[in-house]
2 protein chains.
Amino acid sequence: MTTVLLVDDHALLRKGFRMVLQAEPDLEVVGEAADGRVAVEQVRALRPDVVLMDVRMPGGDGITATEQIVAAHPSTRVLVLTTFDLDEYAFGALRAGASGFLLKNAEPAELVAAIRTVARGDAVVAPRATRRMLDLMADKLPAGDPAEPRADDRLAGLTPREREVLQLMAEGLSNTEIAERLVLSATTVKTHVGNVLAKLGARDRVQAVVVAYQTGLATPG
Amino acid sequence: MTTVLLVDDHALLRKGFRMVLQAEPDLEVVGEAADGRVAVEQVRALRPDVVLMDVRMPGGDGITATEQIVAAHPSTRVLVLTTFDLDEYAFGALRAGASGFLLKNAEPAELVAAIRTVARGDAVVAPRATRRMLDLMADKLPAGDPAEPRADDRLAGLTPREREVLQLMAEGLSNTEIAERLVLSATTVKTHVGNVLAKLGARDRVQAVVVAYQTGLATPG
DNA sequence: GCGGCACTCCTCCTCCAGGAGGAGGCCGGC
DNA sequence: GCCGGCCTCCTCCTGGAGGAGGAGTGCCGC
């Protein structure tokens, strides 16, 4: 069950959201707030999983509210709602730690899906804005490969496939799950895992995962 | 009507995608290609609206293919498919001009929605990767506050002893070794480990170790 | 053509990890 | 005093992990 707090200065809009979310058995609206200041208090009291936050509000704007909420309750995800695409408000909210944002005129199904997405720790960005984000990022994208400038000698002996398997191990996947993900038999995965362990000098997969993190093959983010 | 070209070295996978897309009246698969070189030719000949492209292929990789397609036919949108979240392949594809990317194990409905999204000129990024993108962008954004370590409260419920045990797990130690290190019986360690797994919602110690790294309890250094 | 490597898949076997379901001792708060 | 949380230790049991030992494919270089 995912608990949701609605934050918007329009009571009618909150009403509408509540209606939409009531139809979902796994979502529960536990509270509402009309401005940012009240929102912060509500989060402290109710500990919702997700906060649906309008960024443009009179009396305590959504950005500083988002900042405070994220700082005080990192496990609470803030999903920001805007009227326009990617304006300075949306950027500000993302900087403040929001888990994503949607347009207010999004489809109900889209909204519901977005809430579930941020609830499980992922992020959401409205499609039209995603393009702008990608464009903005284009020149910022790692031209080399910051994720792996290392080429730590320990990974040198691994084949591409083995590296792939190790990466999935580092995500916490079991052999069976890795097999499904890579469309392989579980036996083959075990072979790869065995090779990885031997080459890394690891006794079990946990030690291999440690190496994956140390070398940067896997990143905590 | 949106026309689609499938590019993947696995015939079976193409078959699967074709099945999924056939069920959609507004989508039509007009061709297939098994490698990047053929894909470029196919695009020139068939002028599809959207190209569904696997980045990891033998013989002409998906990245250079994406580059060439986007350069020669700007109206053709390339949607990239990857096995992992945001790896070097995905970054490369986005740099090359792809309109977005999805994980291969995405839901059919997700895939179909993504095709329609890129067809109308918007972009799509897999939810899990969106978070990483936002994190990457965070410091790039104007007036960016340094992305605080954001004390993760997933460890909040853990007792000091449990935290200690988790830390040793993250070093790759077995239950027996942890017992020796902490001068405990192996049984006790198993109890602590069990509690840690339950509190973190982890299925096995590997997943717990992943959380340890994500929260900063353990560091790759 | 042939060896080497990467990738795939198999069986049999052992052992540890993890769940279920306990139990007792210690300490601090109400 | 009693309750609750934390730490300690136990048994029984199942499933998956990992080792040993092969085997077949395809690709590449010599």
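Conventions and cut-offs
- Residues numbered from 1 in each chain as written.
- Chains lettered and ligands numbered in written order.
- Predicted model: local features only at pLDDT ≥ 70, side-chain atom pairs only at ≥ 80, totals over all residues.
- Heavy atoms only, no water.
- Near = heavy atom within 4 Å.
- Polar contact = N/O pair within 3.5 Å; in protein donor to acceptor, adjacent residues only side chain to side chain.
- Helix = DSSP H or I, 4+ residues; strand = E, 2+ residues; numbered from the N terminus.
- Nonpolar A, V, L, I, M, F, W, Y, C, P; charged D, E, K, R; others polar.
- Buried < 20%, exposed > 50% of the residue type's maximum accessible area, 1.4 Å probe, protein only.
- Contact = heavy atoms within 4.5 Å.
- Pairing = 2+ DSSP bridges.
- Axes fitted to C-alpha atoms, helices over the stretch in contact; angles between N-to-C directions.

Asker: Please clarify how the protein's contact with DNA strand C should be interpreted in this entry.
Answerer: As a structural note, the neighbourhood of DNA strand C is formed by 17 residues, with A:Thr159, A:Thr187, A:Thr188, B:Lys190 and B:Arg205 the closest of them. When atoms of DNA strand C within 4 Å of the protein are split into backbone and base, the sugar-phosphate part holds 65%. Here a base nitrogen of DNA strand C and a side-chain polar atom of A:Thr191 are 3.1 Å apart. Interatomic distance of 2.7 Å between a side-chain N/O atom of A:His192 and a phosphate oxygen of DNA strand C.

Asker: Teacher, can you tell me more about the protein's contact with DNA strand D here?
Answerer: Inspection of the region around DNA strand D gives 16 residues, with A:Lys190, A:Arg205, B:Thr159, B:Arg161 and B:Thr187 positioned closest. Protein-adjacent atoms of DNA strand D, using a 4 Å cutoff, are sugar or phosphate at a proportion of 64%. Take B:Arg161: an N or O atom from its side chain is 2.7 Å from a phosphate oxygen of DNA strand D. Those elements that place two or more of their residues in the surface near DNA strand D are helix H10 (186-200) of chain A together with helix H7 (160-169) and helix H9 (186-200) of chain B. Ranked by the residues each element gives to the surface near DNA strand D, the list is headed by H9(B), at four residues. Each residue belonging to the surface near DNA strand D can be placed in one class, and the counts come to four nonpolar, eight polar and four charged.

Asker: Please explain helix H10 (residues 205-215) of chain B as it appears in this structure.
Answerer: Residues that lie three or four places apart on an α-helix share one face, since the helix turns once every 3.6 residues. Within H10(B), nine of the eleven residues are buried, which leaves the element mostly enclosed by the surrounding structure. Residues B:Arg205, B:Val206, B:Ala208, B:Val209, B:Val210, B:Val211, B:Ala212, B:Tyr213 and B:Thr215 constitute the buried set of H10(B). Looking at the buried side of H10(B), the elements it contacts are helix H8 (160-169) and helix H11 (205-215) of chain A together with H7, helix H8 (175-182) and H9 of chain B. Capping of H10(B) at its N-terminal end is provided by B:Asp204; its side-chain oxygen lies 3.1 Å from the backbone amide nitrogen of B:Val206. Once H10(B) finishes, B:Gly216 follows within two positions and takes phi at roughly 90°, a positive value.

Asker: Explain the sheet that holds strand E2 (residues 27-33) of chain A here, please?
Answerer: Whenever strands of a sheet pair, they do so through backbone hydrogen bonds, lying parallel or antiparallel. All names here are of chain A. In space, the six strands of this open sheet follow the order E2-E1-E3-E4-E5-E6, with parallel pairing throughout. Of all the strands in the sheet, the pair left with one neighbour each is E2 and strand E6 (124-125). Judged from the two bridges that link them, strand E5 (residues 100-103) and E6 form a sheet pairing that is parallel. By the bridge assignment for E6, Phe101 is matched with Val125. Packing against the sheet, helix H2 (residues 36-46) makes contact with strand E1 (2-7), E2 and strand E3 (50-54), and its axis sits at approximately 135° to E2. Each of E1, E2, E3, strand E4 (77-82), E5 and E6 touches helix H5 (residues 108-119); the most contacted strand, E4, lies at about 150° to it.

Asker: I keep staring at the side chain of A:His192 and nothing clicks. Help me out?
Answerer: All names here are of chain A. Positionally, His192 belongs in helix H10. By relative accessible area, which is 16% here, His192 ends up buried. Apart from residues no more than four positions distant in its own chain, His192 is found in contact with Arg161, Glu162, Val165 and Leu184.

Asker: Hey, could you run me through unusual backbone geometry in this one?
Answerer: Positive phi values are uncommon outside glycine, yet A:Arg47 reaches one of about 50°. Relative to the helices and strands, A:Arg47 resides in the loop between H2 and E3. One non-glycine residue, B:Val183, lies in the positive phi region at around 55°. When you line up the elements, B:Val183 lands in the loop between H8 and H9. Judged by its relative accessible area of 71%, B:Val183 falls in the exposed class.

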